[in-house]
Amino acid sequence: MDLIVAGPGTALWGGRAMRCALGRAGVAALKHEGDHATPSGAFVMRRALYRPDREPPPPTRLGLALIAAHDGWCDDPADPAYNRPVRLPHGASAEAMWRADRLYDLLVVLGFNDAPVVPGIGSAIFLHLAAADFAPTEGCIALSRDDLLAVLAGADGTSRVVVPLSF
């Protein structure tokens, strides 16, 4: 089953409508690092990650891994680890996965710019927890905790997040 972004602020999972947040620059066909846009396309749900000090392991058929305090995600296009998980501190720019704001307490790594990685096209595109006010993301797709748990419960290795270019 696919999570379909059906319009600004709305996603569909099966027959369930869900509120979602997208990148503050909207949706882009040509994503670039740091543009704050959510890329358009269909992205396989690779695996789920969670913070064990804040979340129990979610029921899912996706691969599942813990987030640790030293985990990061490289966002430096010049670094060989670009758009890959890294251990912090890292010698190049990398986003911390262990965050105070709870947005990454539970997330799904999406298959965007990862097979192969193209430097500068964008990194760290996740399906993650939304802020309480559903504020725009830096380019990810964000859902409430209950909705993300519902997606995880039904997701498998063929599930995708589908973001059309226009609504």
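Use the structure listed above.
Remember, it's a predicted structure, so these values are computed and weren't measured experimentally. The residue numbers shown here count from 1 along each chain, following its written sequence. Per-residue local features of the predicted model are confined to residues with pLDDT of at least 70, and side-chain atom pairs are confined, for both listing and counting, to 80 or more; whole-chain, interface and lining totals are unaffected and use all residues. Side-chain figures throughout are based on the complete set of non-hydrogen atoms in the structure, without hydrogens or water.

Colleague: Before we go on, may I ask you to explain the overall build of the protein chain in this structure?
Modeller: Working definition: helices are DSSP H or I runs of at least four residues, strands are E runs of at least two. Numbering for both runs from the N terminus. Assigned secondary structure in the protein chain consists of 1 helix and 14 strands. Its C-alpha radius of gyration of 15 Å places the protein chain within 12% of the 15 Å reference for a compact globule of 167 residues. Each residue's exposure class comes from its accessible area (1.4 Å probe, protein chains only) as a fraction of the maximum for that residue type: buried when under 20%, exposed when over 50%, partly exposed otherwise. Sorting the 167 residues of the protein chain into buried and exposed places 44% on the buried side. Accessible surface computed for the protein chain: about 7500 Å², of which carbon and sulfur atoms make up 57%. With C-alpha atoms as the basis for the radius of gyration, the globule rule is written as 2.2 Å multiplied by the number of residues raised to the power 0.38. The Shrake-Rupley method, run with a 1.4 Å probe, gives the accessible areas here. Residue values count only the displayed protein chains as cover.

Colleague: Before we go on, may I ask you to explain the pattern of salt bridges in this structure?
Modeller: Pairs can form between side chains of opposite charge once their charged atoms are near each other. In the sections that follow, a salt bridge refers to a side-chain nitrogen of Lys or Arg positioned within 4 Å of a carboxyl oxygen of Asp or Glu. Under the defined criterion, the tally for this structure stands at 12 salt bridges. Residues D105 and R54 are paired through a salt bridge, measuring 3.0 Å at the closest nitrogen-oxygen approach. Of this pair, D105 sits in the loop between strand 10 (94-96) and strand 11 (106-110) while R54 sits in the loop between strand 6 (41-50) and strand 7 (63-66); the two residues are 51 residues apart in sequence, bridging distant segments of the chain. R54 sits in the partly exposed class, given a relative accessible area of 26%. Among the salt bridges present, the one from R102 reaches D105, with a minimum N-O distance of 3.3 Å.

Colleague: What exactly am I supposed to notice about the nonpolar core here?
Modeller: Note on soluble globular proteins: their nonpolar side chains tend to be buried together. Only buried Ala, Val, Leu, Ile, Met, Phe, Trp, Tyr and Cys residues count toward a nonpolar core, and they belong to the same one when joined by side-chain atoms within 4.5 Å. Formed by 27 residues in total, the largest nonpolar core has its most connected members in L3, M45, L110 and L127. Residues within four places of L110 in sequence aside, it is in contact with F43, V44, M45, R46, I125, F126, L127, I141 and V161. Counting 11 residues, the second-largest nonpolar core is a separate cluster that includes M97, Y104, V109 and F126. Contact criterion: two residues are considered in contact whenever any of their non-hydrogen atoms come within 4.5 Å of each other.

Colleague: What am I meant to see in the state of the cysteines here?
Modeller: Formally, a disulfide is one covalent bond, and it connects the sulfur atom of one cysteine to the sulfur atom of another. The criterion for a disulfide is a pair of cysteine sulfur atoms lying within 2.5 Å. Summed over all chains, the structure comprises 0 disulfides. No disulfide involves C20; its nearest neighbouring cysteine sulfur is the one of C140, lying 12 Å away. Of the residues examined, C20 reaches a relative accessible area of 4% and is grouped as buried.

Colleague: So what exactly am I meant to see when it comes to the packing of aromatic side chains here?
Modeller: Geometry of an aromatic ring pair is reported as the spacing of the ring centres plus the angle between the planes. Each Phe, Tyr or Trp ring, with Trp reduced to its six-membered ring, pairs with another whose centre is within 6.5 Å; inter-plane angles below 30 degrees give stacked pairs, above 60 give edge-to-face pairs, and intermediate values give tilted ones. The full count for this structure, using the stated rule, is 3 aromatic pairs. Seen from their ring centres, F43 and F112 are 5.5 Å apart, and the 90° between their planes marks the pair as edge-to-face. Taken together, the residues F43 in strand 6 and F112 in the loop between strand 11 and strand 12 (126-129) connect sequence positions 69 residues apart. Of the two residues examined, F43 and F112, each falls in the buried class. Centre to centre, the rings of W73 and F126 are 5.2 Å apart; their planes meet at 90°, and the pair counts as edge-to-face.

Colleague: Explain the sheet that holds strand 8 (residues 71-74) to me, please; I cannot follow it from the model alone.
Modeller: For two strands to be treated as a pair, DSSP must find at least two bridges joining them. Within the open sheet, the 3 strands sit side by side as 9-8-10. Their pairing is antiparallel. Looking along the sheet, the strands with just one partner apiece sit at the ends: strand 9 (85-87) and strand 10. Ignoring which end each strand starts from, the neighbouring axes of this sheet average 45° apart. The pairing of strand 8 with strand 10 spans 3 bridges and is antiparallel. A fitted line through C-alpha atoms represents every axis, and for helices the fit uses only the stretch in contact; the resulting angles, taken between N-to-C directions, go from 0 to 180 degrees.

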